[in-house]
Structures are given as C-alpha cells and as structure tokens.
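Below, each chain spelled out in residue letters.
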Amino acid sequence: MILDKFSLKGKVAIVTGSNTGLGQGICRAFSEAGALVAGVSRRPSAETAEMLGASFHNIIADLSTCGVIDGIIEETVKKFGRVDILVNNAGVIKRQDSIEFSEENWDSVLNVNLKTVFFLTQAVAKQFIKQGGGGKIINIASMLSYQGGVRVPSYTASKSAIRGITMTLANEWAKYGINVNGIAPGYMATNNTEALRQDGERSSDILARIPAGRWGTPADLEGAAVFLASEASDYVNGFTLAVDGGWLGR
Ligand code: NAP
C-alpha cells in the first residue's frame with residue numbers, strides 16, 4: 001500500500017531545535033508517523049515532551065560548538081538503540097546592515113547553521129554506515145538558499161551553503177543507501193521571523209508577494225518532512241524542496 005511507504009514506524013530520528021517552531025512541528029509529525037524522536041535543544045523541550053510522551057527523549061546540547069556531537073549520538077543510541085533519520089533544523093539569524101556587519105554576527109550564525117550541521121551530519125552518516133541500513137538526512141534550508149535577502153549576509157551564506165552540501169553529501173553517500181535532502185521553508189510564523197513580522201512595511205511587502213496570501217506555519221512543513229524521512233522518497237536525493245506557498249515561483 002502506498003500509504004505504508006510514508007510510515008516511520010520503528011524508525012529513530014534526531015531532530016535539532018526541538019523546543020519550538022518548525023523543529024517542534026517536525027517532532028510531532030514524526031511521532032504521529034510512528035517514529036521515536038530524540039529532540040536536541042539548548043533549553044528543555046518541555047512542551048514537546050508533554051505533547052509526545054514516551055516517543056520523545058530530550059537531549060540538552062548547545063549546537064554552537066561541535067564538542068556536543070558525539071554525546072548526542074551516544075545518548076540517542078543508548079535510549080532508542082539506533083539512528084535512522086537526522087533533521088538539521090536548529091538555526092539562528094542575525095540582522096544588521098552588511099556595511100556594518102560584525103564578525104560576531106558572522107561566526108555565531110555560521111557555527112550553528114553550517115559548521116555544526118556538517119559535522120553532526122558526518123557523525124550520523126558514520127553511525128548509518130556502521131548500522132548498515134542506510135538512512136535519511138534532512139537539512140532545513142531557506143528561501144535564502146536561492147535568493148540574497150537583505151541585512152542577513154551570514155544567514156544567506158549559511159543557507160546557500162546548506163543547499164550546496166546537501167548535493168555534495170548525496171553524491172558521496174548514495175552508495176551507502178543514505179539520502180540527503182533539504183527543505184526550504186518560505187516565510188513561516190515562528191520566532192525566527194518575529195522581528196520581520198513586527199516591521200509593518202517589510203511584513204506587508206512579504207505578505208503581498210506570497211501567492212498563498214498567508215505566512216506558513218510549522219504544520220505546513222510536516223508532510224514534506226515525513227515524505228523525505230520515509231521510504232516514499234528513496235529515489236529522491238540531493239534535492240532541496242521549497243515549502244513556500246509559491247514564493248519562489250513568483
Ligand atoms: P525558531 O523558532 O527560532 O527555532 C530555531 C531553533 O533553533 C530553536 O529551537 C532554537 O533554540 C534552536 N537553536 C538556535 N541556536 C541553537 C544552539 N546554539 N543550540 C541548540 N539549538 C539552537 O525558528 P524556526 O523558524 O522554527 O527555525 C527552524 C529552522 O528553519 C532554522 O534553521 C531556520 O533558519 C529555518 N527557517 C525558518 C524560516 C521561517 O520563516 N521561520 C524560513 C526558512 C528557514 P532556542 O529556542 O533555544 O533559541
């Protein structure tokens with residue numbers, strides 16, 4: 001049955017940024033699809049834990065350094081026995097005019113959004129290879145994987161690079177049965193876009209350009225996330241799928 005191919009029953013997923021926003025929505029969708037979820041967050045994911053019960057385990061880790069990576073995999077394997085899916089969702093954005101943009105705003109964004117993502121992905125891929133059954137990696141990209149944006153140079157650099165390495169890693173790891181894909185959310189109503197939504201002029205400009213006529217929500221991402229984590233997408237590799245209410249096609 002085709003719907004069985006979308007099931008995540010018996011799968012173990014690591015999702016970063018599990019306490020809020022898009023990451024919380026992905027945790028909920030994976031749990032509903034049958035997966036056990038190790039959610040990584042720097043603050044406790046209390047609300048997510050309450051929603052998901054025994055299918056959820058919270059790992060506390062600050063992803064601004066790579067030192068936490070081995071511990072995340074060890075704790076997941078200790079709790080749930082294996083890893084089948086990784087979603088690199090945690091991310092930060094800093095807004096400042098490019099002419100004044102600080103080194104701190106550059107490094108802090110690149111560390112979380114790109115460096116830790118690459119090395120966590122590498123460590124999870126080693127675990128997949130050790131287990132022998134392949135695996136699924138989903139990188140949360142952005143419209144700024146395709147476009148330039150304004151006042152967010154480090155974010156744009158990180159998200160454009162994420163789309164690039166999604167293709168590189170798919171090229172290298174397809175032979176192990178590992179799929180590496182991305183999801184590029186459009187403009188979604190979460191903490192990430194709080195400042196943008198508070199800016200009346202920017203907010204109405206953005207809304208006017210979204211063909212769907214509304215901001216996206218975490219629920220809008222769930223179908224794409226389950227698809228790319230499941231057997232239904234076994235022949236999809238290296239691609240970043242926009243979930244954007246039509247923004248890129250405009
Ligand atoms: P969000 O509500 O700000 O969530 C970001 C998540 O990343 C939070 O859980 C945050 O934890 C976590 N995080 C940030 N720095 C971290 C660190 N050093 N260690 C551990 N966790 C850290 O925004 P969101 O919209 O759900 O963002 C999720 C992803 O989607 C991000 O990669 C973002 O760039 C991407 N995205 C969002 C949009 C949008 O319109 N919202 C569009 C395109 C792409 P805290 O709560 O502790 O900060």
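As shown above, the structure is provided for reference.
Undergrad: Which parts of the structure should I look at to understand the site of the ligand?
TA: Neighbouring residues of the ligand: 29 residues in total, closest Asn-19, Arg-43, Asn-89, Tyr-155 and Thr-190. Here an oxygen atom of the ligand sits 2.8 Å away from a polar atom, N or O, in the main chain of Leu-22. One nitrogen or oxygen atom from the side chain of Tyr-155 is found 2.6 Å from an oxygen atom belonging to the ligand. Here the ligand has 880 Å² of accessible area as a free molecule, and 94% of this is covered by the chains. The cavity that encloses the ligand is the largest pocket. Sorting the residues of the shell around the ligand by element identifies helix 1 (21-32) and helix 5 (153-173) as the ones contributing at least two each.

Undergrad: Explain the layout of surface pockets here, please?
TA: If a probe the size of a water molecule is rolled over the atoms, the empty space left behind becomes visible. In this structure, the largest pocket spans a volume of roughly 1000 Å³. Residue assignment for the lining of the largest pocket shows that the elements contributing at least two residues are helix 1, strand 2 (36-41), helix 4 (103-131) and helix 5. Taken together, the residues of the lining of the largest pocket break down into 19 nonpolar, 17 polar and 8 charged. In this model, the second largest pocket occupies a volume close to 190 Å³.

Undergrad: Is there a simple way to explain the pairing of strand 2 in this structure?
TA: Each regular strand displays side chains that alternate between the two surfaces of the sheet. For strand 2, the buried fraction is high: 5 of the 6 residues fall into the buried class. As judged from the 5 bridges shared by strand 1 (residues 12-16) and strand 2, these two strands associate in the parallel manner. Across the sheet, Ile-14 pairs through a bridge with Ala-38, a residue of strand 2. Relative to strand 3 (residues 56-60), strand 2 is paired through 5 bridges, and the arrangement is parallel. Residue Ser-41 lies in a different strand from strand 3, and its bridge partner there is Ile-60. Handedness of the crossover is the feature at issue here: the chain leaves strand 2, passes through helix 2 (residues 46-52), returns alongside strand 3, and the resulting connection is right-handed.

Undergrad: What's the story with helix 8 (residues 218-229) in this structure? I'm lost.
TA: Residue pairs spaced three or four apart in an α-helix point in one direction, given the helix's 3.6 residues per turn. With 12 residues, helix 8 should cover 16 Å at 1.5 Å per step; its first-to-last C-alpha distance of 16 Å lies within 8% of that length. Taken together, the buried residues of helix 8 touch helix 1, strand 4 (85-88), strand 5 (135-140), strand 6 (178-185) and strand 7 (240-243).

Undergrad: Can you walk me through empty space enclosed by the protein in this structure?
TA: With the rule as written, the count across this model stands at 2 cavities of 30 Å³ or more. In this structure, the largest cavity encloses a volume near 40 Å³. Counting residues per element, the lining of the largest cavity draws most heavily on helix 4, which supplies 4 residues. Looking at the lining of the largest cavity residue by residue, the classes come out as 5 nonpolar, 4 polar and no charged. Estimates place the volume of the second largest cavity at around 40 Å³. Around the second largest cavity sit Asn-88, Asn-89, Ala-90, Asn-113, Val-117, Ile-140, Lys-159 and Ile-162, which together line it.

Undergrad: Help me out: how do you make sense of the pairing of strand 4 in this one?
TA: Burial of the side chains of strand 4 extends over both faces: Ile-85 and Val-87 are buried on one face and Leu-86 and Asn-88 on the other. In this structure, strand 1 lies alongside strand 4, joined through 3 bridges in parallel fashion. Residue Ala-13 lies in a different strand from strand 4, and its bridge partner there is Ile-85. Strand direction decides the pairing type here: strand 4 and strand 5, joined by 4 bridges, are parallel. Residue pairing in the sheet places Val-87 in a bridge with Ile-138 of strand 5. For the crossover from strand 4 across helix 4 to strand 5, the handedness is right-handed.

Scoring rules and cut-offs
- Residues numbered from 1 in each chain as written.
- Predicted model: local features only at pLDDT ≥ 70, side-chain atom pairs only at ≥ 80, totals over all residues.
- Heavy atoms only, no water.
- Near = heavy atom within 4 Å.
- Polar contact = N/O pair within 3.5 Å; in protein donor to acceptor, adjacent residues only side chain to side chain.
- Areas by Shrake-Rupley, 256 points an atom, 1.4 Å probe, with all protein chains shown as cover.
- 1 Å grid on protein atoms, 1.4 Å probe; cavity = no way out; pocket = protein on both sides within 12 Å on 5 of 7 lines; lining within 4 Å.
- Sits in = over half its atoms within 2 Å of the grid points.
- Helix = DSSP H or I, 4+ residues; strand = E, 2+ residues; numbered from the N terminus.
- Points joined across faces, edges and corners; volume = space filled by probe spheres on them.
- Nonpolar A, V, L, I, M, F, W, Y, C, P; charged D, E, K, R; others polar.
- Buried < 20%, exposed > 50% of the residue type's maximum accessible area, 1.4 Å probe, protein only.
- Pairing = 2+ DSSP bridges.
- Right-handed = clockwise from strand over helix to strand, strands pointing away.
- Expected span 1.5 Å × (residues − 1).
- Contact = heavy atoms within 4.5 Å.

By themselves, these figures tell us nothing about what the structure is for.
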